[in-house]
Amino acid sequence: MTQEEKTKIEERIVDVLKTVYDPEIPVDIWNLGMIYKIDVKPDHSVDVDMTFTSPSCPAADFILEDVRTKIESVEGVTSSNVNLVFEPIWDQSMMSEEARVELGFA
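Residues numbered from 1 in each chain as written. Predicted model: local features only at pLDDT ≥ 70, side-chain atom pairs only at ≥ 80, totals over all residues. Heavy atoms only, no water.

Some words on the environment of Pro 55
Secondary-structure assignment places Pro 55 in the loop between strand S2 (45-50) and helix H3 (60-72). Note: C-alpha distance between Pro 55 and Val 85 (30 residues apart in sequence) is 9.3 Å. (Helix = DSSP H or I, 4+ residues; strand = E, 2+ residues; numbered from the N terminus.)

What about the environment of Pro 58?
In this structure, Pro 58 sits in the loop between S2 and H3. The sequence separation of Pro 58 and Glu 24 amounts to 34 residues, and the corresponding C-alpha distance is 9.5 Å.

Focus: the pattern of salt bridges
One pass over the structure, following the stated rule, counts seven salt bridges. Between Glu 65 and Arg 68 there is a salt bridge, with its nearest N and O atoms 2.5 Å apart. Taken together, the residues Glu 65 and Arg 68, both in helix H3 and three residues apart, mark about one turn of the helix. By relative accessible area, Arg 68 is classed as partly exposed at 28%. A salt bridge links Glu 97 to Arg 100; the nearest nitrogen and oxygen atoms lie 3.5 Å apart. With a gap of three residues between them, Glu 97 and Arg 100 both fall in helix H4 (residues 97-102), about one helical turn apart. Under the relative-accessibility criterion, Arg 100 is labelled partly exposed at 21%. (Salt bridge = Lys/Arg side-chain N within 4 Å of Asp/Glu carboxyl O. Buried < 20%, exposed > 50% of the residue type's maximum accessible area, 1.4 Å probe, protein only.)

Brief notes about the packing of helix H1 (residues 3-17) against H3
Viewed as axis vectors pointing N to C, H1 and H3 meet at an angle of 140 degrees, and their least axial separation amounts to 9 Å. Overall, the two elements H1 and H3 adopt an arrangement that is oblique. Of the two possible hands of crossing, H1 and H3 adopt the one that is right-handed. For the pair formed by H1 and H3, the contact residues are Ile 13, Val 16 and Leu 17 on the first element and Val 67, Lys 70 and Ile 71 on the second. (Axes fitted to C-alpha atoms, helices over the stretch in contact; angles between N-to-C directions. Parallel < 35°, antiparallel > 145°, perpendicular 65-115°, else oblique. Left-handed = near helix turned anticlockwise from the far one by under 90°. Contact = heavy atoms within 4.5 Å.)

Points about H1
Across its 15 residues, H1 extends 21 Å between first and last C-alpha, which sits within 8% of the 21 Å expected from 1.5 Å per residue. By the burial criterion, the buried members of H1 are Ile 9, Ile 13, Val 14, Val 16 and Leu 17. In an axial view of H1, the angular spread of the buried residues amounts to 165 degrees, which keeps them on one side of the axis. Taken together, the buried residues of H1 touch helix H2 (29-32), strand S1 (35-40), S2 and H3. (Expected span 1.5 Å × (residues − 1). Arc of directions from axis to C-beta.)

Okay, here's the thing in structure tokens:
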């Protein structure tokens, strides 16, 4: 896989991650800063590190499955491994400017 192919797949993954929402927050997980790493491997599998705004997120299973399903729907991706991590701990500074405005933090 060329670097260009890898970059295109990563861009498509970001696009689908922008369609994943925590049901309690009206901003997608990408703009909330919940995705820490996207690693597209030479075999077209993808490793993702992500977190939640709270370790006790009641929608955790739903969100994780939505992330996995949407990543695997991306053309060029063969499988995905979504790792839930809590380091670094998520905080509001990780949100995009757009998310801060939407949630009234700007």
